[in-house]
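Chain by chain, the residues:
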Amino acid sequence: MSKFVQPNLNLNPKINDEIRKTTCYMCACRCGINVHMQSGKVKYIEGNKDHPVNQGVLCAKGSAGIMQIYSPARLRAPMKRIGPRGSGAFEEITWEEALDTAVGWLKPVREDDPKKLAFFTGRDQSQSFTSWWAQAYGTPNYAAHGGFCSVNMAAAGIYTMGGAFWEFGQPDWDRTKLFMIFGVAEDHDSNPIKIGLGKLKKRGAKIIGVNPVRTGYNAIADDWIGITPGTDGLFILSLVHTLFKAGKIDLEYLVRYTNAPYLIDSDPKSKTYGLFLRDESGEPLILDRKTRKVTAWNSKGARPDLAGRYRKGGVSHLSVFQIMAERYLSEDYSPEIVSKKVGISAKRIKSIASELARVAFEEEIVIEQAWTDFRGEKHDKMIGRPVSFHAMRGISAHSNGFQTCRSLHLLQIILGSVEVPGGFRFKPPYPKHSSSHPKPHCKVTAGEPLDGPHLGYIQGPEDLCIDDDGKPIRIDKAYSWENPMSAHGLMHMVISNAYSGDPYPIDVMFMYMANMSWNSSMNTSGVMEMLTAKDDNDEYKIPKLIYSDAYSSEMVAYADLILPDTTYMERHDCISLLDRPICEAEAAADSIRWPVIEPDREVRGFQSVLLDLGARLKLPGFVTDSGDPKYKDYADYIVNHERRPGVGPLAGFRGKSGDLDGRGEPNPNQIQAYIDNGGFWQKHIPESAQFYKPWNIEYQDWAVEIGLFDKASPFLFDLYIEPMQKFILAARGIGKRQPPEYLRKQIIDSMDPLPIWYQPFEEQVTDCEEFPVHALTQRPMAMYHSWGSQNAWLRQIHGYNPMYLPKKIWEDNNFKKGDWALVTSRNGSIKVPVARMDALNENTIWTWNAIGKRRGAWALSENATESNKGFLLNHIIHELLPPRKDGMRWSNSDPITGQAAWFDLKVKVEKISKEEHVAPLVQSQTSPVKPGLIDVKYGEDFID
Ligand code: SF4
């Protein structure tokens, strides 16, 4: 009988010889990661349990970061174009030649007319630095990708309550009892939301998902509302109507913390119609309930009257609240009236409103914690309304998105659920009133810096970036009458405007990490033509194009000069409080990336390259008095740059000995201190300052102490945005600056200072009988834009993308598994594989975004499924609306902020015979890097 021999297994093999803690960059969440190293190579990645963002959680993208750093698509050296633009034919050159070429192009432009440089960056996380470079250069033409992403969300939040969702704030995950999530794709704020949802599920809190598509977060919602795209604002205002009608409004909250009691000129014939009544020092006035006299909003002991009425100089003034009540009690917003449009029954709308009211007012939370408000009034407890909300691009990427996002904030505020226990909480440095942000600057002087920061929050027509004739000064027409509050610029219009020379031609286009010739543009085929278009002299209409990317994306082929970036593990970065920080509601925080491996190619971190270019161009701030480079590289800048005395890119470990938080002299060992601390720094907010941040004087003082502000800046929420009314007055012919005739009506119709809903523009100008179906894209949990679908591990999750059709369209057209469809909009057609999905609004089709790749790009082989069965919806979305009667074409954007209206698209769907590959199948590019190993055909069984 043989004796069983226990095998001698090593159950605890040594898996690393070192762990290096840094920050993930496989999406924009910025989780902490532990990178396990063996013999100097990355072996695997796990989540950092101590990190405030992810607390150890790691998503599929995060762990697949290892394939990003070994990707065959990585660029290897600087390159100059040697074939026609778009062909992908390049020659490798030295860094010296590359930088000489760039300076040779940039220097004369700066000396002659700096606005002829358009410098736009994509999803980078160093915007406080890149904007500083552009400001020193002197061009007004700078922005990042917010204009085609979610500026409606950010701007609506800042203008209404000093902050929005995601990087600005979060639900009180530990206390909220009812959570509503609107239009959120799974890749944004990914791990923090997953952790938060886990907490809600554990406590049995209810989750309501509002989204035409039921995937990801919506799939685990207790209640899913498959809303009709573009009608979220109408649905929300119907909830507001129902709450007003039932009297379920937190009046005390409105009195104390919002401008609801402000008195407004209510005489339509008055020149100050719709503006606040103010005292001599300019403070808005309220009517005091006790004295029945008008007094400044912030006077000590004042008891504002929500129902205030006041006559002065023959003009009637009404409180904001009275105007709100009149507007939202209108039957136009009743559930019965809106039901058909939004695709939700009146009964369901009423039941959601009543659930919100019940939880907010009957399940009140009380924390026995004293605090003091900015009026000096002491409170012995904190009262919470445990209802919270989160929203993202789904509700904002519409031409009515700004007002829709405003409507959601209105709903939050009338329930009294912002900055209270159980509600929505801001993350430092937010909240910050719109007037505390910079205003945009656009004064161009040859050879000199711009007169101030490019982007900001305008407060009226006087702040627009227009010339004396009213024409836009910026190439993207941001801050013009076409879209006055374009707080993030309009990156999606830059190529189109530069191509048409409207408002003027440019000389150099300089872009970073923005795949504009593919998934980051509307009308992709059109953009490729614009980038290669030539004038009568056979010169490119956009004469010079510099581009920086780490990978051979589709955009690389369109550049004349390539400055290759590193991967995220090969460089220094800072996730700064000056930029898009990683704070939590209870703590300020920031973090770094550092080179856990050294590049094995001739590549350099883009930020270090910009510093080098800045020094070669002798830009102010980039050179010492003797003209030498001021910073050796980006790490040197991170440590030694001071934006204000004592305040630099990193807030932690400041001061010579590294023991100061927020403010302090530069610490030469700061980066090592971050590395020793796991890659991040965190500073907790004191207990008494944790809630009511805009009004809590202890929070305000704490924020000043750590350098978030220079003085306490309490403010009230702007339910009514007075600057918007100033635009309406201008459009009605009042004031020095007035819009052109053709824009007056648009401004009056869209820029209402109280949230409204209007039909998306695409639906107004499209024959909805011919194109009856809504078409959307959303990003999958496992991919972040185009970065993921070239990653060898992530390609196995989404190797191609079908168009998902709802049951009704599927059955009406007799579709079967493996079928294909022709999807047509007013801008053309695509041929795509289809799949059935029943958890979908019955009048909507959708697909994953940015899976489809152009052949030859990203070092994929010619027969990669991403290029043959993956596709972009972008081809059939136009960046312009159809010509109007006067022949003019307007941007397909929100008229207030200029946000690209991706999700307004209307299409028709027709069954076609099975195709070999998607159409359009864009001609192959020559790859500047060699493809990797063989491609595996993923997911074929799904379509055959
Ligand atoms: S959520 Fe984003 S940042 Fe976090 S691990 Fe995943 S990819 Fe990385």
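Residues numbered from 1 in each chain as written. Predicted model: local features only at pLDDT ≥ 70, side-chain atom pairs only at ≥ 80, totals over all residues. Heavy atoms only, no water.

Observations regarding the packing of aromatic side chains
Working step 1: Applying the stated rule across the entire model yields 45 aromatic pairs.
Working step 2: Ring plane angle 40° and centroid distance 5.6 Å describe the contact between Trp132 and Tyr637, whose orientation is recorded as tilted. Highlighted residues: Trp132 in helix H4 (residues 127-137) and Tyr637 in helix H18 (residues 634-640), separated in sequence by 505 residues. This pair shows no difference in class: Trp132 is buried, exactly as Tyr637 is. (Phe/Tyr/Trp six-rings, centres within 6.5 Å; stacked < 30°, edge-to-face > 60°. Helix = DSSP H or I, 4+ residues; strand = E, 2+ residues; numbered from the N terminus. Buried < 20%, exposed > 50% of the residue type's maximum accessible area, 1.4 Å probe, protein only.)

Some points on the pairing of strand S3 (residues 41-47)
Working step 1: Across six bridges, the pairing between strand S2 (residues 32-38) and S3 is antiparallel. Considered in S3, the bridge of Ile33 is made with Gly47.
Working step 2: Linking S2 back to S3 in an antiparallel pair, the connection comprises two residues, with Ser39 at a positive phi of about 50°. (Pairing = 2+ DSSP bridges.)

So, the sheet that holds strand S12 (residues 263-265)
Working step 1: If you trace the three strands from one edge of the open sheet to the other, you get S12-S16-S15, paired in antiparallel fashion. The two strands at the open ends of the sheet, each matched to only one other strand, are S12 and strand S15 (309-312). Each strand axis lies, on average, 30° off the axis of its neighbour in the sheet, ignoring direction.
Working step 2: As paired strands, S15 and strand S16 (residues 315-319) are joined by four bridges and run antiparallel to one another. From the neighbouring strand, Lys312 faces S16, where its bridge partner is Val315. (Axes fitted to C-alpha atoms, helices over the stretch in contact; angles between N-to-C directions.)

A word on the packing of helix H8 (residues 232-246) against helix H11 (residues 335-342)
Working step 1: Two elements in contact, H8 and H11, have axes whose closest approach is 10 Å; the angle formed by their N-to-C orientations is 165°. As far as their axial angle goes, H11 and H8 are roughly antiparallel. Seen from above, H8 lies across H11 with left-handed handedness. In this structure, H8 contributes Leu234, Phe235, Ser238, His241 and Thr242 to the contact, and H11 contributes Pro335, Val338, Lys341 and Val342.
Working step 2: Looking at side-chain class alone, the contact of H8 with H11 contains five nonpolar, three polar and one charged residues. (Parallel < 35°, antiparallel > 145°, perpendicular 65-115°, else oblique. Left-handed = near helix turned anticlockwise from the far one by under 90°. Contact = heavy atoms within 4.5 Å. Nonpolar A, V, L, I, M, F, W, Y, C, P; charged D, E, K, R; others polar.)

Structural notes on the environment of Ile675
Working step 1: Mapping Ile675 onto the fold places it in helix H19 (residues 670-676).
Working step 2: Using a relative accessible area of 19% as the deciding quantity, one classes Ile675 as buried.
Working step 3: Taking the C-alpha atoms as reference points, Ile675 and Tyr512, separated by 163 residues in sequence, lie 27 Å from one another.
Working step 4: If we skip the residues at most four places from it in the chain, Ile675 touches Ile592 and Trp594.

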